[in-house]
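# Examination of the molecular architecture
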Amino acid sequence: MSDSLSSTFEELIGLNYQLYNGLFLTLPLDAVEKTGLLLPLLDAACHDGLDAGKSPDSIIEEFFELHKPHFKAQEKINFLFKVIQYVERQVVLVDALEDAAYKKMHQVDKLKILQSVVEKVESEKLDKEFSEVLKNFGIRVTLTAHPTQFYPGPVLAIINDLTRAISRSDISAVRGLLQQLGNTPFSRKEKPSPYDEAVLLSWYLGNIFYPVMGQIVDKLASQYEQEIAQNRQLMTIGFWPGGDRDGNPFVTVAITRRVAAKLRYSIASCYHRDVRDLKRRLTFTGIYDILDDIEKQLHDELSESNPVYCLSTEVLIAKLNAIEKILVEKNQSLYLDKLRSFRRKVNLFGFYFASLDIRQDSRVIHRALSAVAEKNPDLISAMSELSEPQQVEQLFRVSGNIDIASFDEAILQDTLKSFPVISDIQAVNGEQGCHRYIISNCHGPIDMARAYALFQLCGWQGKPLSVDIVPLFESINDLRRAGEYMQQIYANPVYKKHLSERGNRQTVMLGFSDGTKDGGYLMANWAIYRAKEDLTAVSRKAGIEVTFFDGRGGPTARGGGNAYLFYAALGKKIESNQIQMTVQGQTISSNFGVKPAAQHNLSLLLAAGLENNLYDRPERELTTQQSQLIQTLAEASLEKYESLKQHDLFLPYLEEMSTLNYYNMTNIGSRPAKRGDSTELKFEDLRAIPFVGAWAQLKQNVPGYYGLGTALHAQEAAGQLEHCIQLYKDSGFFRALIANSMQNLAKTNFQLTRYMEMDERFGEFWKMIFAEYQLTHTMVLKVAGQDFLLQDNPRARLSIELRERIVLPLLVTQQFALMKIHELRNENEALIDDYEKMVVRSLYGNINASRNSA
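As the structure is a computational prediction, the values presented were derived from the model and not from experiment. (Residues numbered from 1 in each chain as written. Predicted model: local features only at pLDDT ≥ 70, side-chain atom pairs only at ≥ 80, totals over all residues. Heavy atoms only, no water.)

## Considerations on the overall build of the chain
Along the chain, the regular secondary structure elements total 38 helices and nine strands. In terms of C-alpha radius of gyration, the chain reaches 28 Å, essentially the compact-globule figure of 29 Å for 854 residues. Summarising its shape, the C-alpha atoms of the chain cover approximately 80 × 70 × 60 Å along the three principal directions. Out of the 854 residues belonging to the chain, those deemed buried represent 61%. (Helix = DSSP H or I, 4+ residues; strand = E, 2+ residues; numbered from the N terminus. Rg over C-alpha atoms; globule rule 2.2 N^0.38 Å. Buried < 20%, exposed > 50% of the residue type's maximum accessible area, 1.4 Å probe, protein only.)

Put into structure tokens, the structure is as follows:
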């Protein structure tokens, strides 16, 4: 299969890239300087120069001396900006080629993983068991607005059209689209607002998720109609733009309301289109008039600036049930499948389309509650003298109503308003429209109790709290204590009553991104795995079904990678009745950007969860010895990572030698690059995205492997490497960890920054990182029994190789600009400004090339 996939990749992507790139480079986009014709020469100079040990500034200057000796400094800068623009568009071409080849490269038609599960159920006569699983199981994919998607809307549309043109081998159309691409700007003049981000992501809702989720459910319903009808949570979408206010001062309650209205408008638009299609077929007496009435109500809702919402999910389904009754009794069930298909979509999406999550940092919630207590001592008595458990008890007994308008500070007022706005959204979009309050940086029961108290004080007193309070555990310490935390809060009678009203279900979010930033790659993944086991045990003992919501980023260093392998590797000690995960940035476009990709990836998630709940597979359970070995590896890895993190040069290296400080200058996301407004860079305030992204831009990818090589080498030195090799063979979880680290290593290129080896201040620090990279590279190959990275995954390996090759001139240009900034510091402010803009522009293409680098 490996050789077959390699040849398929070369045929569908490699050769076609050469064909279409040759066409692209000759387009009249830059007739004066002929950048397109010079780009292959620069590409060769970069590869050959780095192989020869040359520095990026030497490579660039020698290129100009050879090909443009008359260029002055500003002309060189202008040319390099053109190079960046060309490389950005070459990356788009690869995106479109891979999207066009998705079904063949991923063998979608051959594998049909979800269909295979159903067929296996039938052959093993497990229909009854499968039926029970289907009634309760669910997946949720939550789209976030984190700033890792650099393509503006017009470019995404071109990629979509380009993919279709490539699929039908329409060279004329491809040429026109490539020329359009060459003249379409990639950068934004202004940062998008949170609402802009919501509008951009809503394109995926209507054009991808709505039809694809409908198709998947229709397929399952052909054999399990009743079970599908009973389970409205089988597949749902979560939504963070406009609700996630953690460290984002631009998200306000007004934005939250506007996004909620946009979500209702988007699903109503989909329903309106489908109802019009139904009217073309169901032209029968008694039916047509009902459909006509539904269409008019939807039309009125979509047309008015201040709409009156006449339709609810229950009302619409009741009307569709009435139509079905007439259709069956009087019209020979004509087009019944079409009607039922539409009703299933209504069942899935209601009038909310995607659930809008509200998220806020625990420190902000704490500050808001303190401000309330200061103004309302009659409602909240002084707690400074109480122990934390006593504070928790008191907070769960708080009641009353506060005047939110009396608070002047914007962030406090917005935080307080975010509690009652949930009730308003539920009144229009339904309860599923907004039903979770996520506490990031949660440190246990005290933070959950503070949120509960604010709900009671901000408009919810006296009515059932139809909201799930979701702790987000992120630090290694909080992950280790997560089970203990939840055991304590389950014992509180007020919270226990709240959970009983919520179906005795508790959602817990686990942060891969900040966990990796805090404890390194191996320890973060192991700490989350152990936290899930602990949380499952204490929840089952308390009679609570725990749902794990995984905060997975794009790169494997932030929880990304193959989701199917990850979830399929979980055993029965980890609750998996629900699979919930965040998807962000380029991962949205790469995994869900085209319908075949979306159908394949959603089916994989369903299959992983259904299999986990259906089958007892002892091989998925880690033995005591295996757990002890991973624990030993994780602790050794953490020690190595901590030594790096505590190094005096750790933050200065990132600030001075990487692109860390340039993330805030990109107009790609509404959220600042760090929490708080302090001018001093503090590690705890640094967001995971720019942290991981800065290492990725350096092509050093530290968070994705650092410490792993040292941990494995220690086992080798102790004569225990065979145990690690056996663990790799026996444990799907450990295999996934090694495979994901290989992806990080494959995207690493220390040749790019070898010049830092000679730096007076940072030279030894660079050598330390490089040594760990080399050690990890050697050790993972030994453990996996492979001759080169990703030997068993040619699809990923070849894609990475192609993208890394294309983006190299851009990376060399970025390093050249950084070197010039250091060289010209305090000398030529005008040129420094140009070089800083060059660094910012180079971020775009590199992140898009990696598709999951930030």
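So much for the structure itself; the text now carries on.
## Points about helix H31 (residues 650-657)
Of all eight residues in H31, six are buried, a share of seventy percent or more. Residues of H31 that are buried: Phe650, Leu651, Pro652, Tyr653, Leu654 and Met657. Residues of H31 that are buried in the fold lie against helix H30 (624-645), helix H32 (688-697), helix H36 (763-784) and helix H37 (794-824). (Contact = heavy atoms within 4.5 Å.)

## Here's the deal with the side chain of Asn429
Within the fold, Asn429 resides in helix H20 (residues 420-429). Residue classification places Asn429 among the buried positions, given a relative accessible area of 5%. Polar contacts involving the side chain of Asn429 include one to the main-chain carbonyl oxygen of Ala260, which spans 3.0 Å. Every residue in contact with Asn429, bar those within four places of it in the chain, is listed here: Ala260, Arg264, Phe351 and Tyr352. (Polar contact = N/O pair within 3.5 Å; in protein donor to acceptor, adjacent residues only side chain to side chain.)

## A short note on the packing of helix H4 (residues 73-100) against H37
Packing of H4 against H37 leaves a shortest axis separation of 10 Å and a crossing angle of 165°. Relative to H37, the element H4 is oriented roughly antiparallel. The interaxial crossing formed by H4 with H37 has left-handed handedness. Note on element contacts: H37 touches H4 through Ser799, Leu802, Arg803, Ile806, Val807, Pro809, Leu810, Thr813 and Phe816, opposite Leu80, Val83, Ile84, Val87, Gln90, Val91, Val94, Asp95 and Glu98. Residues that form the contact of H4 with H37 fall into these classes: 12 nonpolar, three polar and three charged. (Axes fitted to C-alpha atoms, helices over the stretch in contact; angles between N-to-C directions. Parallel < 35°, antiparallel > 145°, perpendicular 65-115°, else oblique. Left-handed = near helix turned anticlockwise from the far one by under 90°. Nonpolar A, V, L, I, M, F, W, Y, C, P; charged D, E, K, R; others polar.)

## Brief notes about the pairing of strand S2 (residues 235-239)
The buried count for S2 comes to five of five residues, which makes it a mostly enclosed element. Residues Met235, Ile237 and Phe239 line one face of S2 and the alternating positions Thr236 and Gly238 line the opposite face, and both faces are buried. Pairing between strand S1 (residues 138-143) and S2: five bridges, direction parallel. Residue pairing in the sheet places Ile139 in a bridge with Met235 of S2. (Pairing = 2+ DSSP bridges.)

## Describing a negative patch on the surface
Together, Glu119, Glu122, Asp127 and Glu129 give the surface a local cluster of negative charge. Listing elements by their share of the negative patch, those giving two or more residues are helix H7 (113-123) and helix H8 (127-136). Tracing the backbone shows Glu129 in helix H8. Given the relative accessible area of 39%, Glu129 is considered partly exposed. (Patch = residues over 30% accessible without salt bridge, like charges linked within 9 Å, V, L, I, M, F, W, Y side chains within 5 Å. Areas by Shrake-Rupley, 256 points an atom, 1.4 Å probe, with all protein chains shown as cover. Salt bridge = Lys/Arg side-chain N within 4 Å of Asp/Glu carboxyl O. Lys, Arg positive; Asp, Glu negative; His and termini not counted. Charge placed at Lys NZ, Arg CZ, Asp CG, Glu CD.)

## Looking at the pattern of salt bridges
Oppositely charged side chains are able to pair whenever their charged atoms sit close together. Following the criterion strictly, the structure yields 51 salt bridges and no others. A salt bridge links Arg481 to Glu484; the shortest N-O distance between them is 2.9 Å. Residue classification places Arg481 among the partly exposed positions, given a relative accessible area of 33%. Linked by salt bridges that have partners in common, Arg276, Lys279, Asp292, Glu295 and Lys296 make up one network.

## Things to note about the packing of aromatic side chains
The tally for this structure, following the rule as stated, stands at 38 aromatic pairs. Ring centres of Phe650 and Phe691 lie 6.2 Å apart, and the angle between their planes is 55°; this geometry places the pair in the tilted category. With a gap of 41 residues between them, Phe650 in helix H31 and Phe691 in helix H32 connect regions that are remote in the sequence. Judged by its relative accessible area of 0%, Phe691 falls in the buried class. Summarising the aromatic geometry, the rings of Phe770 and Tyr773 are spaced 6.1 Å apart at their centres and angled 20° between planes, so their arrangement reads as stacked. With a gap of three residues between them, Phe770 and Tyr773 both fall in helix H36, about one helical turn apart. (Phe/Tyr/Trp six-rings, centres within 6.5 Å; stacked < 30°, edge-to-face > 60°.)

## Some remarks on the sheet that holds strand S8 (residues 545-551)
What the nine strands build is an open sheet, ordered S3-S2-S1-S9-S8-S7-S6-S5-S4; its pairing is parallel. The open sheet is flanked by strand S3 (355-356) and strand S4 (358-361), the only strands paired with a single partner. As defined by bridge partners, S8 adjoins strand S9 (residues 578-583) across three bridges and the pair is classed as parallel. Paired with Phe548 across the bridge in S9 is Ile579.

## Digging into the pairing of S8
For S8, the buried fraction is high: six of the seven residues fall into the buried class. With seven bridges joining them, strand S7 (residues 505-511) and S8 adopt parallel strand pairing. Bridge assignment links Gln506 to a residue of S8, and that residue is Val546.

## Thoughts on helix H16 (residues 336-349)
Over its 14 residues, H16 extends 20 Å from the first C-alpha to the last, a length consistent with the 20 Å expected when each residue adds 1.5 Å. H16 sits mainly inside the fold: 11 of its 14 residues count as buried. Those residues of H16 that sit buried are Leu336, Leu339, Ser341, Phe342, Arg343, Arg344, Lys345, Val346, Asn347, Leu348 and Phe349. Close packing links the buried residues of H16 with helix H11 (194-221), helix H12 (225-230), S2, helix H13 (253-281) and helix H15 (313-330). Positive phi appears at Gly350, one or two residues downstream of H16, with a value of about 50°. (Expected span 1.5 Å × (residues − 1).)

## Remarks on unusual backbone geometry
Despite not being glycine, Ser169 shows a phi value in the positive range, around 55°. Following the sequence through the fold, Ser169 ends up in the loop between helix H9 (153-167) and helix H10 (171-182). The backbone phi angle of Ser333 is positive, close to 55°, even though this residue is not glycine. When you line up the elements, Ser333 lands in the loop between H15 and H16.

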